[in-house]
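So the chains spell out like this:
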Amino acid sequence: MEQDKEQSKKRSYALPITLLLLVFSLTGNVFLYSQSLQGGQDDKYEKGLDVIEAAKKATSYYQAVLDDAAAILEGKTSEAGTVIRDAAGVNDFLQQAGSFDADHPFDSGKIYAYMIDVDHSLSYIKEQDGPLTTQESAYLKALQDVYSKQLAIVKQFNFDADKTRSGAIQIGAGIGWLDIAKQLEQSIEEQSSMKLSAQ
């Protein structure tokens, strides 16, 4: 009889202790899971801000080139070498998009070569004395056409996404802009060379 009482006491302690350990274990797992989710959200938020900044720089780059080309066509003087300033934004924007597609390797060398050709061509035209040649005018008009289209593609991006944390997280998760990057990259690839052939 006494043995039964002793075993019953042992059982009565075992159940609450087991339940307590189970609760601690579940609480710990929930905490670790929520920390993991929070860390993932923070990473997406930071990535989203980087993408938005790159898109803004890309827009600034295209606008600077278009303004420069227009100034040259109008016979106005402009500083040499200023248009390349935000060119890295185009590369960064496309590189961020490439990080979502492991099967499609991103070639930053090709993008930079494209923009350097444009910069060198503009610099070359600015250095020439006298009125623009027919070839130079044709190049500038073609450049305006191509860059206007590429600027229009980038302008589809939601630049206000950085005003809210959730908006930046969505961008960081690749929502709502990967098609824009794909269109831009395709447009750049279609222009095998934007270099003035007279150089």
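Computed from a predicted model, the values in this text were never measured in an experiment.

Reading the values: the criteria
- Residues numbered from 1 in each chain as written.
- Predicted model: local features only at pLDDT ≥ 70, side-chain atom pairs only at ≥ 80, totals over all residues.
- Heavy atoms only, no water.
- Core = buried A, V, L, I, M, F, W, Y, C linked by side-chain atoms within 4.5 Å.
- Buried < 20%, exposed > 50% of the residue type's maximum accessible area, 1.4 Å probe, protein only.
- Helix = DSSP H or I, 4+ residues; strand = E, 2+ residues; numbered from the N terminus.
- Contact = heavy atoms within 4.5 Å.
- Phe/Tyr/Trp six-rings, centres within 6.5 Å; stacked < 30°, edge-to-face > 60°.
- Salt bridge = Lys/Arg side-chain N within 4 Å of Asp/Glu carboxyl O.

Tell me about the nonpolar core, and please be specific about residues and values.
Counting residues in hydrophobic clusters, the biggest one holds 41 residues, and the most contacted among them are Val 90, Phe 93 and Tyr 147. Within the residue set of this core, elements represented by two or more residues are α1 (2–73), α2 (87–98), α3 (108–127), α4 (134–154), α5 (165–172) and α6 (178–190). Beyond its immediate stretch of four places on either side in the chain, Phe 93 contacts Val 51, Ala 54, Ala 55, Phe 157, Trp 177, Ile 180, Ala 181 and Leu 184.

Residue-level account of the packing of aromatic side chains, with values.
Under the definition given, this model contains nine aromatic pairs. Centroid distance Phe 93 to Trp 177: 5.3 Å. Interplanar angle 45°. Geometry classified as tilted. You can see Phe 93 sitting in helix α2 and its partner Trp 177 sitting in the loop between α5 and α6, a full 84 residues away along the chain. Across this residue pair, the class does not change: Phe 93 and Trp 177 are buried. Ring-pair connections join several aromatic residues into one group, and the members of that group are Phe 93, Phe 100, Phe 157, Phe 159 and Trp 177.

Quick one: what's the story with the pattern of salt bridges, residue by residue and with numbers?
The tally for this structure, following the rule as stated, stands at six salt bridges. Residue Lys 126 pairs with Asp 68 through a salt bridge whose shortest N-O separation is 2.7 Å. Taken as a pair, Lys 126 in helix α3 and Asp 68 in helix α1 lie far apart in primary sequence, 58 residues in all. The class of Lys 126 is partly exposed, set by a relative accessible area of 23%. Residue Lys 110 pairs with Glu 189 through a salt bridge whose shortest N-O separation is 2.9 Å. Here Lys 110, found in helix α3, pairs with Glu 189, found in helix α6; they are 79 residues apart in sequence, far enough to count as distant. Owing to a relative accessible area of 35%, Lys 110 belongs among the partly exposed residues under this scheme. The class for Glu 189 is partly exposed, based on a relative accessible area of 41%.

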